[in-house]
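Examination of the molecular architecture
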Amino acid sequence: RKEVEQDPGPFNVPEGATVAFNCTYSNSASQSFFWYRQDCRKEPKLLMSVYSSGNEDGRFTAQLNRASQYISLLIRDSKLSDSATYLCVVNRDGGSQGNLIFGKGTKLSVKP
Amino acid sequence: DTGVSQNPRHKITKRGQNVTFRCDPISEHNRLYWYRQTLGQGPEFLTYFQNEAQLEKSRLLSDRFSAERPKGSFSTLEIQRTEQGDSAMYLCASPLGRSSYNEQFFGPGTRLTVL
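In this report, we go over the structure that sits alongside the text. Keep in mind that this is a model prediction, so the values were computed, not measured. As a convention, each chain's residues are numbered from 1 in the sequence order in which they are written. Naming scheme: in the order in which they are written, chains are lettered from A and ligands are numbered from 1. Local features are withheld for residues below a pLDDT of 70 in this predicted model, meaning they are given only at 70 or higher, and side-chain atom pairs are given and counted only at 80 or more; totals for whole chains, interfaces and linings count all residues. With hydrogens and water stripped out, all remaining heavy atoms of the structure feed into the side-chain values.

So, about the overall build of chain A. A count of helical and extended segments in chain A gives zero helices and eleven strands. Strands here are runs of E lasting at least two residues and helices are runs of H or I lasting at least four, both read from the DSSP assignment and numbered beginning at the N terminus. The order of helices and strands in chain A, counted from the N terminus, is β-β-β-β-β-β-β-β-β-β-β. C-alpha atoms of chain A, sized along the principal axes, occupy 45 × 30 × 25 Å. Within chain A, contacts between residues separated by at least 24 positions form 57% of all contacts whose residues are at least 6 apart in sequence. Each accessible area is a Shrake-Rupley result for a 1.4 Å probe, and residues are judged covered by the shown protein chains and nothing else. By element, 47% of the accessible surface of chain A is carried by carbon and sulfur atoms, the whole surface being about 5,200 Å². Positive charge is attributed to Lys and Arg, negative charge to Asp and Glu, and no charge count is given to His or to the chain ends. Each charge is placed at NZ for Lys, CZ for Arg, CG for Asp and CD for Glu. Of the charged side chains in chain A, 14 are positive and 11 negative; the average position of the first set lies 5 Å away from that of the second. Whether two residues are in contact is decided by their heavy atoms: any pair within 4.5 Å suffices.

Set out below in structure tokens:
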């Protein structure tokens, strides 16, 4: 089993749609969880950290289910500018200094 | 702009040549990470420094790869006798603050093409 698995995508949605990305991770000791966004040929950029209680930032909502080792990202009212690859990321171990493990990413294309 | 800079941004080299990349992390932060990203994949961890000490190396880091961080400031990643399989984006990352959550912020990367 891969350490971090994501929906393979791509997701092609119209503007205004709601889109959900799912991710599972294998290491139950992981303590930190993130969603990064990556535009074509650019570096990954932190979109949001994912907290145990779930968290929201504008149109973006992230959820964490530790029992199922499952992370999700919901984008509401999608914009053309949301088109990018979304990377699910997990801190490899239970400490605060471990390296990050990335999923392969899910590509989102938002069309007019 | 995350404050992490990398040079060069692009490097084209012939197979068998040596290349060196540089990363200048967010100032005054003691942790620095190197990752590699190939087409269609997420970034993969290569190595990690705390100050000048290299604390962890991935199995991806073969004998041809070496990384240094003299004086705990900038870091260099050298690849000797490059192979076509080394073609990738090499990313450097630094935590922004002292959060225990370990958010990492990436530089723009160095895109290596080995011909």
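A separate point is the nonpolar core. Residue types Ala, Val, Leu, Ile, Met, Phe, Trp, Tyr and Cys, when buried and joined through side-chain atoms within 4.5 Å, form a set referred to as a nonpolar core. Relative accessibility under 20% of the residue-type maximum defines a buried residue, over 50% an exposed one, and the middle range a partly exposed one, all with a 1.4 Å probe and only protein chains included. Grouped together as the largest cluster of nonpolar side chains are 24 residues, with contacts concentrated most on F21(A), W35(A), I71(A), L73(A), I75(A), Y86(A) and L108(A). Every element with two or more residues in this core is listed here: β3 (19–25), β4 (33–38), β5 (45–50), β7 (60–65), β8 (70–75), β9 (84–91) and β11 (106–111) of chain A. Once residues within four sequence positions are removed from consideration, L73(A) is found in contact with V19(A), A20(A), F21(A), W35(A), L47(A), M48(A), F60(A), T61(A) and Y86(A). The next biggest cluster of nonpolar side chains, apart from the first, holds 19 residues, and it includes L46(B), L61(B), L77(B) and V114(B).

A few words now on the pattern of salt bridges. All names here are of chain B. Criterion for a salt bridge: a side-chain nitrogen of Lys or Arg within 4 Å of a carboxyl oxygen of Asp or Glu. Under the defined criterion, the tally for this structure stands at seven salt bridges over all chains. Close ionic contact of R64 with E83 constitutes a salt bridge, the shortest N to O distance being 3.4 Å. Here the residue R64 occupies a position in the loop between β6 (53–57) and β7 (65–68), and E83 occupies one in the loop between β8 (75–79) and β9 (88–95), the gap between them amounting to 19 residues. Given a relative accessible area of 12%, R64 falls into the buried group. The partly exposed category is assigned to E83, whose relative accessible area is 40%.

This brings us to the interface of chain A and chain B. Taken residue by residue, the interface counts 24 residues in chain A and 24 residues in chain B. Buried area: the sum, over both parts, of the accessible surface (1.4 Å probe) that disappears when the two are put together. The junction of chain A with chain B conceals about 2,000 Å² of combined surface from both sides, 49% of it contributed by carbon and sulfur atoms. The interface formed by chain A and chain B holds zero salt bridges in total. Side-chain atoms alone can form a polar contact between residues adjacent in sequence; in general such a contact is a pair of N or O atoms within 3.5 Å, and within protein one must be able to donate a hydrogen while the other accepts it. On inspection of chain A and its partner chain B, the count reaches four residue pairs in polar contact (both at pLDDT 80 or more). Where the side of chain A that touches chain B is concerned, the elements lending two or more residues are β4, β5, β9 and β10 (100–102) of chain A. Here the residues of the side of chain A that touches chain B sort into ten nonpolar, ten polar and four charged. Residues are grouped as follows: Ala, Val, Leu, Ile, Met, Phe, Trp, Tyr, Cys and Pro are nonpolar; Asp, Glu, Lys and Arg are charged; all remaining types, including Gly, are polar.

Our focus in this paragraph is the packing of aromatic side chains. How two aromatic rings sit relative to each other is set out by the distance from centre to centre and by the angle between their planes. Paired rings are identified among Phe, Tyr and Trp, the last through its six-membered ring, by centres lying within 6.5 Å, and are further divided according to the angle between planes into stacked (under 30 degrees), edge-to-face (over 60) and tilted (the rest). Inspection of the entire model under this criterion finds 14 aromatic pairs over all chains. Here the aromatic rings of F34(A) and Y36(A) are separated by 6.3 Å at their centres, their planes lie at 70°, and the arrangement is edge-to-face. When its relative accessible area of 0% is taken as the criterion, F34(A) is described as buried. Geometrically, the ring pair formed by F21(B) and Y90(B) is tilted, given 5.3 Å between the ring centres and 40° between the ring planes. With a gap of 69 residues between them, F21(B) in strand β3 (residues 19–24) and Y90(B) in strand β9 connect regions that are remote in the sequence.

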